[in-house]
Amino acid sequence: MSQILDRLPEVVAQLRVGLGLPAQILTDSHVGPAGSDTPGVSMSNAGRADPGTSDPGVSKPGITDLNAHDLVDRLDADEVEWFTRTAAEVMKLGEALVAIGAGRIAVLSDRELGYSGLAQRRGVRTAEHLVQSLTGSSYRDAARQVRIGGAMGEAKAVERAQAQASSRQVEADGEEPDVSLTVKVPWHFPISLAASKGTLSTSAAEAITRGLGDPTEDAPADLLQAAAERLLPLANTTDMDELGRLAREERNLIDVTGVAQREGALREMRGLRMLRRDATGMRGVALRLDPENEAIFSTLIDAATGPRRGGPRFVDAKNIAAAEALIADPRSTEQIALDTMIQLMELGAEADPGVLFPRQSAVRIVVTADSLDTRSEAGGLTGTGMLEDSREAVSGATLERTICSAELTAILLSPDNVPFESSIGKRLFDRRQRRALAVRDGGCMFPNCDRPVSWTEAHHIIPWSMSPKTEVIDGILLCRHHHMLLHNTGWVIRRRETDYVLVPPVGVDPDQKEIPLESKSGLMRARKRARPAARAPTGPPARSEPVGKPLDTIDSS
Ligand SMILES: [Zn+2]
Ligand SMILES: [Zn+2]
């Protein structure tokens with residue numbers, strides 16, 4: 001290898017000339033023989049005859065005739081394929097070399113070395129920054145190289161130790177060595193080894209290791225390693241996004257209890273940021289969408305631009321005409337997407353804040369009947385589901401919040417696996433029920449929340465698993481944020497006759513003192529003050545109480 005290192009500058013110089021670039025290479029200020037204070041970097045000596053420092057434009061004799069374009073033009077079809085394949089190989093190997101270097105830089109820049117660490121001495125804060133400046137890549141890419149390089153270093157150390165252990169053992173008793181006893185193998189070993197051998201690109205290695213995540217009690221290292229071995233053969237034929245998704249899927253299968261935690265971590269990272277206005281007066285917006293919000297967002301955008309993007313095919317004549325009109329639209333798909341979003345925002349802002357709109361989200365979640373039966377001792381749903389389009393996992397809490405106001409469709413499978421649909425109950429409040437809820441609650445019922453009715457969704461106080469019925473008395477309006485809080489963090493709403501109370505989780509209030517919920521409607525509060533007797537515990541059953549009356553009237557209108 002040291003010979004190769006010595007020849008590396010020459011190889012690079014030849015490649016550069018071949019591509020019509022100046023031959024100057026590896027002449028960065030601090031890698032020259034004089035500037036080198038890093039022990040062990042021998043490649044800065046013999047082979048590096050300083051190609052081109054003195055005169056970067058002039059290349060070595062004998063390599064000027066190598067011009068990649070001319071050469072490739074003269075190749076036949078088979079040779080071009082060979083050339084392209086080989087070039088890709090060079091790229092992969094080059095990536096592996098960069099990662100090995102980055103891993104070593106990280107070791108030499110270890111935090112514990114303080115100011116004597118390599119990166120610090122170069123005047124940058126971290127190994128990642130140093131790699132970034134050396135490679136001219138983005139910080140993200142540099143960080144990836146450092147991570148993979150570190151993992152590759154670990155894998156290499158294991159290989160060395162295994163070799164040592166086996167040779168020692170063979171010397172000792174000549175028996176078959178048992179290396180697993182002597183060497184602790186990191187779970188990512190198969191991935192890191194493949195990356196260091198150049199058979200796996202560093203971006204694929206990153207997609208797999210990140211998707212599988214770190215080992216925990218619920219996701220032991222041996223299961224992660226087995227998953228890594230399953231993914232490895234797919235790596236070279238699968239695109240990076242899909243590879244990452246497959247890795248996350250493996251993780252979710254191993255570590256079901258971690259789904260909620262990972263979902264929460266992703267949700268924490270969501271956001272919308274206005275970017276700086278540019279010189280022309282245009283302004284960008286950066287959105288970060290967690291899987292659930294992404295599903296809602298994409299569904300709306302896809303619905304607006306569908307026919308262009310090869311979306312669902314329209315069958316009846318009217319729809320075909322609509323699809324054709326959309327395709328004939330002179331606007332670009334991006335323009336239609338933006339116009340749709342702006343229009344939706346304007347409609348939303350103009351919407352009557354007192355009207356509770358039906359939430360018939362087109363987002364579909366797939367869940368097995370078994371998952372809907374998997375509950376923790378506390379009663380929370382621990383089974384998980386999957387967003388139909390992106391196939392990302394959703395937690396039990398998200399499932400229950402969604403089911404709280406959605407249509408449940410059972411897909412039954414016949415003995416020969418032919419699916420047929422059967423609706424097993426709408427949990428949607430109908431129009432009259434929504435009007436009743438709007439009048440009664442007047443907005444999000446959570447204390448101190450000022451979201452109007454149109455911003456709310458109806459939460460079922462009695463979980464669907466206990467009663468599939470949809471009754472106004474057991475519904476309550478909550479904004480999306482508070483609805484999520486309720487399902488995800490253990491807050492509970494209970495009905496006391498016709499009043500509603502909020503019960504905090506033990507973590508928030510160990511005594512779980514009930515917090516009465518006040519209607520946000522001034523009219524309802526006034527009615528309640530006028531008839532305190534209605535709240536007496538010996539009062540008539542809830543449905544015939546005075547507070548219930550106006551609602552019933554609206555119900556039947
Ligand atoms: Zn709910
Ligand atoms: Zn709220």
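What this report covers is the structure whose coordinates are included nearby. (Residues numbered from 1 in each chain as written. Chains lettered and ligands numbered in written order. Predicted model: local features only at pLDDT ≥ 70, side-chain atom pairs only at ≥ 80, totals over all residues. Heavy atoms only, no water.)

### Looking at the sheet that holds strand β3 (residues 365-366)
One open sheet accounts for 3 strands, arranged β3-β4-β5; its pairing is antiparallel. Only two strands of the sheet have a single neighbouring strand rather than two, namely β3 and β5 (393-394). (Pairing = 2+ DSSP bridges. Helix = DSSP H or I, 4+ residues; strand = E, 2+ residues; numbered from the N terminus.)

### Concerning helix α1 (residues 2-18)
The first and last C-alpha atoms of α1 sit 24 Å apart over 17 residues, in line with the 24 Å expected at 1.5 Å per residue. Helix geometry: α1 is bent most strongly at L8, by close to 40°, with proline P9 lying one to four residues after it. Those residues of α1 that fall on the buried side of the exposure criterion are P9, A13, V17 and G18. Contacts made by the buried residues of α1 are with α2 (68-73). Positive backbone phi, approximately 75°, marks G20, located one or two places after α1. (Expected span 1.5 Å × (residues − 1). Bend = angle between axes of the 7 residues up to and from the residue. Buried < 20%, exposed > 50% of the residue type's maximum accessible area, 1.4 Å probe, protein only. Contact = heavy atoms within 4.5 Å.)

### Some thoughts on the packing of helix α9 (residues 202-212) against helix α11 (residues 240-254)
At a minimum axis distance of 7 Å, the contact between α9 and α11 shows a crossing angle of 25°. Here α9 is positioned roughly parallel relative to α11, judged by the angle of their axes. When the axes of α9 and α11 are compared, the crossing they make is right-handed. On α11, the residues that touch S203, A204, A207, I208, G211 and L212 of α9 are M240, L243, G244, A247, R248, E250 and R251. A breakdown of the residues in the contact of α9 with α11 according to their chemical character gives 7 nonpolar, 3 polar and 3 charged. (Axes fitted to C-alpha atoms, helices over the stretch in contact; angles between N-to-C directions. Parallel < 35°, antiparallel > 145°, perpendicular 65-115°, else oblique. Left-handed = near helix turned anticlockwise from the far one by under 90°. Nonpolar A, V, L, I, M, F, W, Y, C, P; charged D, E, K, R; others polar.)

### Focus: the side chain of H460
The topology assignment puts H460 in strand β8 (residues 456-460). Take H460: its relative accessible area is 3%, and that puts it in the buried class. Within the local environment of H460, its side chain forms a polar contact with the side chain of T470, the two groups lying 3.5 Å apart. (Polar contact = N/O pair within 3.5 Å; in protein donor to acceptor, adjacent residues only side chain to side chain.)

### Some details on the pattern of salt bridges
Under the definition given, this model contains 21 salt bridges. For E206, the salt bridge identified is with R147, shortest N-O distance 2.3 Å. Taken together, the residues E206 in helix α9 and R147 in helix α6 (residues 139-173) connect sequence positions 59 residues apart. What makes E206 buried here is its relative accessible area of 10%. (Salt bridge = Lys/Arg side-chain N within 4 Å of Asp/Glu carboxyl O.)

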